[in-house]
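What the coordinates show
Chain residues, written in single-letter form:
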Amino acid sequence: MPTSLPTLRVGGRHRKPKAPGPALRRAAVVAVAAPVAGTILAGPSAFAAEKSGTGAAVLNPTERKIAANLNSRAQDARLGDRLSGVVIDAESGRTVWGHDATTALMPASTTKLATATAALKVLGSDHRFTTKVVHAAGTLTLVGGGDRTLTTGDLTELARTAASGLLDAGVTSVKVQVDDSLFPSPTLATGWNNGYYPDSVAPVRALVVNGRHVTDTSLDAGQTFAQLLAEQGVTANGAVTRGVAGSGDTTVARHQSDQLSVIVRHMLKVSDNDIAESLLRTTALAAGRPATFEGGSAVVREVLTQYGISLRDFVMHDGSGLSRANRIPARTVADILDVASDPRHTDTLKHIVDGLPVAGEAGSTLGPEWGRFDTADSSCAVGRVKAKTGTLTGAIGLSGLTKAEDGHWKIFSFIENDSPATPGAVKDALDGLAATVNGCWAE
């Protein structure tokens, strides 16, 4: 039977019911690890108290300006007629602007924000993935633990350690097999097509080296391991095969990944589909569910519900956002970011905000190499916006945070579907909307 997730412990200020989404809004904690061009984002040093008013939102002059400009700029022909968008003031919780904010659209890779939230909550930010080598009856088994960041260097250390013990015992040859039974055999998620393999995402297995996109990542890793083992003086008898390690097998080498917090930040920075899918399965296992798309998505829904996030019209079939059957409203994505920046959840979820790409940050999905924030309207926001991107054919998303001219942090989410414009043109238009929220594109 699936185990129940631990009930969220909410301390400090109380949340007041307010639909839709979480009620408590606060100044968002935002930190940038390395300088980029422009004004660098910096988080506020203190958090404002929760506002107690429940009446209609009264916008300040800066917010009225943001709303008026967004009302106009959301009509940009490049955005087509299917845009879901919302802007929230992080301190007060008031909605500054909304356009079909609760309309569920194809979210693309902004789905990863939901995946990251569940993984950090269920596994913990200090979780590490373990890859090990076990020995029994003349066979070495490389056992996968779901680590999508395993490198050739890591396998080299495993091979060196394993070979040292074998050679000390006078053993110079062994059979080599791989055990990737932690995850079931790969399948296509609802909304995936065969063309995704292996370019957009590799078949999801528990063992892979260097993030290679090959059909059988486990055997590929095992063959690499066998070669490295031979370099240490221990040869493999025959071809590498697939098997299951026995409970009594002796562990002869072990490797642990970076902490989950580091992995999540990297996943969001570069929008790594493979890491997202492995996290979905590992999260499912930790919650006592099958390591499947369905099991992982169920846990994501449960975690978001515990955080008070509305799942109305929320449809999720994978962890990466590649599924064309996923549907998430912009308001829900904004609420996920709102929770991630909540000071009460800092220890667990701050790594989501830390992992958001920064406008103009080379090496991220908002870097200049991707043509982001490089127009006359949006270049002013370089270094001023942190946001998760999303890109599929017919679906572009941008969701994140920025400090507006009133000095308050604003959470925004924009999701566009089915625009007749080119993807590059749509991204330029969305970058302009983010610059509008920041206020640097003011006129």
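Residues numbered from 1 in each chain as written. Predicted model: local features only at pLDDT ≥ 70, side-chain atom pairs only at ≥ 80, totals over all residues. Heavy atoms only, no water.

1. What about the overall build of the protein chain?
The number of helices and strands found in the protein chain is 10 helices and 13 strands. By the burial criterion, 54% of the 443 residues in the protein chain qualify as buried. Restricting to contacts in the protein chain with at least 6 residues of sequence separation, those with at least 24 account for 72%. Summing over all exposed atoms, the protein chain offers an accessible surface of approximately 17,100 Å²; the carbon and sulfur share of this is 51%. (Helix = DSSP H or I, 4+ residues; strand = E, 2+ residues; numbered from the N terminus. Buried < 20%, exposed > 50% of the residue type's maximum accessible area, 1.4 Å probe, protein only. Contact = heavy atoms within 4.5 Å. Areas by Shrake-Rupley, 256 points an atom, 1.4 Å probe, with all protein chains shown as cover.)

2. A short note on the state of the cysteines
Within the structure shown, the criterion is met by one disulfide. Between the sulfur atoms of C380 and its disulfide partner C440 the distance amounts to 2.2 Å. Measuring the twist about the S-S bond at about 65 degrees, one finds the C380-C440 disulfide to be right-handed. Of the two residues, C380 sits in the loop between α9 (346-355) and β11 (385-392) while C440 sits in the segment after α10 (423-438), which places them 60 residues apart along the sequence. With relative accessibility at 28%, the residue C380 sits in the partly exposed group. According to the relative accessible area criterion, C440 is partly exposed, its value standing at 27%. (Disulfide = S-S within 2.5 Å.)

3. Brief notes about the nonpolar core
Core analysis: the biggest nonpolar cluster contains 58 residues, and L113, L260, L279, V300, L304, F314 and I352 have the highest contact counts within it. In this view, L260 contacts A119, L120, L123, G124, S125, D126, H127, F129 and L279; residues no more than four positions away in its chain are not counted. Core analysis: the second largest hydrophobic core is formed by 30 residues, F373, A429, L433 and W441 among them. (Core = buried A, V, L, I, M, F, W, Y, C linked by side-chain atoms within 4.5 Å.)

4. Concerning the packing of helix α2 (residues 112-123) against helix α5 (residues 260-270)
In helix packing, the relevant descriptors are the interaxial angle and the interaxial distance, both defined with respect to the helix axes. One way to put it is that α2 packs onto α5 with a least axis distance of 11 Å and a crossing angle of 180 degrees. As far as their axial angle goes, α5 and α2 are roughly antiparallel. Counting all contacts with α2, which are made through K112, L113, A116, A119, L120 and L123, the residues of α5 involved are L260, S261, V264, M267 and L268. (Axes fitted to C-alpha atoms, helices over the stretch in contact; angles between N-to-C directions. Parallel < 35°, antiparallel > 145°, perpendicular 65-115°, else oblique.)

5. Thoughts on helix α7 (residues 293-306)
Turn by turn, an α-helix covers 3.6 residues, leaving residues three or four places apart pointing in a common direction. Its 14 residues place the ends of α7 20 Å apart at the C-alpha level, agreeing with the 20 Å of an ideal helix rising 1.5 Å per residue. Among all positions of α7, only F293, G295, G296, S297, V299, V300, V303 and L304 are buried. In this structure, the buried residues of α7 make contact with α2, α6 (273-286) and α8 (330-340). G308, located one to two residues past α7, shows a positive phi value of around 85 degrees. (Expected span 1.5 Å × (residues − 1).)

6. Some words on the environment of L285
Residue placement: L285 occurs in helix α6. L285 sits 10 residues away from G295 along the chain, and the two C-alpha atoms are 8.2 Å apart. In this view, L285 contacts L182, F183 and A291; residues no more than four positions away in its chain are not counted.

7. Comments concerning unusual backbone geometry
With an omega dihedral of -10 degrees, the bond running from Y197 to P198 counts as a cis peptide bond. A positive phi angle is found at D313, which is not glycine, with a value near 65 degrees. Backbone geometry at D418 places phi at a positive 65 degrees, although glycine is not the residue there. For D418, the position within the fold is in the loop between β13 (409-417) and α10.

8. Some remarks on the side chain of D342
When you line up the elements, D342 lands in the loop between α8 and α9. At a separation of 2.8 Å, a polar atom in the side chain of D342 contacts the main-chain amide nitrogen of R344. (Polar contact = N/O pair within 3.5 Å; in protein donor to acceptor, adjacent residues only side chain to side chain.)

9. A closer look at the confidence of the model for the protein chain
Looking at the protein chain, pLDDT values average 89 and 87% of them are 70 or higher. A low-confidence stretch, residues 1-21 (pLDDT under 50), is modelled with 53 contacts involving residues beyond four sequence positions or located in other chains. Below a pLDDT of 50 lies the segment residues 23-55, which in the model reaches 92 contacts outside its immediate sequence neighbourhood of four places, other chains included. (pLDDT = per-residue confidence, 0-100.)

10. Comments concerning the sheet that holds strand β1 (residues 83-89)
Here we have five strands laid out as an open sheet, ordered β2-β1-β13-β12-β11, and antiparallel in their pairing. Single-partner strands in this sheet number two, and they are β2 (95-99) and β11. Strand-to-strand, the axes of this sheet are offset by a mean angle of 5 degrees, without reference to chain direction. In this sheet, β13 lies alongside strand β12 (residues 395-403) in antiparallel orientation, the contact comprising nine bridges. When the bridges of β13 are listed, S399 appears paired with S413. (Pairing = 2+ DSSP bridges.)

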